[in-house]
Amino acid sequence: MRAIGLLLLTASVALADQKPGDPGTPEFEKAVALVKQLGSPRFAVREAAGKQLLELGTAAIPALAAGTKSADEEVRARSRVLLPQARAADWKRRADAYLAHPDCKHDL
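Residues numbered from 1 in each chain as written. Predicted model: local features only at pLDDT ≥ 70, side-chain atom pairs only at ≥ 80, totals over all residues. Heavy atoms only, no water.

Chemist: Whenever I open this one, the nonpolar core confuses me. Can you help?
Modeler: Among soluble globular proteins, nonpolar side chains are generally buried collectively. Of all hydrophobic cores here, the largest spans 14 residues; its most connected members are Val35, Leu38, Leu53, Leu64 and Leu82. Of all the secondary structure elements, the ones that give two or more residues to this core are helix 2 (26-37), helix 3 (43-56), helix 4 (61-67) and helix 5 (73-100). Residue contributions to this core peak at four residues, all from helix 5. Filtering out sequence-adjacent residues up to four positions away, leucine 64 remains in contact with Val35, Leu38, Leu53, Ser79, Leu82, Leu83 and Ala86. (Core = buried A, V, L, I, M, F, W, Y, C linked by side-chain atoms within 4.5 Å. Buried < 20%, exposed > 50% of the residue type's maximum accessible area, 1.4 Å probe, protein only. Helix = DSSP H or I, 4+ residues; strand = E, 2+ residues; numbered from the N terminus. Contact = heavy atoms within 4.5 Å.)

Chemist: In this structure, what is going on with the packing of aromatic side chains? I would like to understand it.
Modeler: One pair of aromatic rings is described through two measures. These are the centre distance and the angle between the planes. Evaluated as defined, the whole model comprises zero aromatic pairs. Note that arginine 94 overlies the ring of tryptophan 91, its terminal NZ or CZ placed 4.3 Å from the centroid. (Phe/Tyr/Trp six-rings, centres within 6.5 Å; stacked < 30°, edge-to-face > 60°. Lys NZ or Arg CZ within 6 Å of the ring centre and 35° of its normal.)

Chemist: Is there a simple way to think about the environment of alanine 66 in this case?
Modeler: Position of alanine 66 relative to the elements: it lies in helix 4. Through-space distance from the C-alpha of alanine 66 to that of serine 79 is 8.3 Å; in sequence the pair is 13 residues apart.

As far as function goes, none of this settles anything; it's purely spatial.
Shown next, in the form of structure tokens:
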């Protein structure tokens, strides 16, 4: 019984340390699927995927970084364009949070 309790505690601590863009999280899986859509033969699908990736924010950064190494040229090109935009949006979000509450702990 102790072993099961320790295992559950360890698993919950590991999950608590995960951030939205970390592999294995639902946000990461969604971002990976959207990055694949950047190579769709349909322009509208590619454009929608790019927009959704930027809306995901921080969670999209690891998937976009991986997309820059894709075998698909369209995925690589679009990921290269979107990655700096996603990083800039992430920094803006964090800077805004800091400026709104400079006395709190932040991840700058």
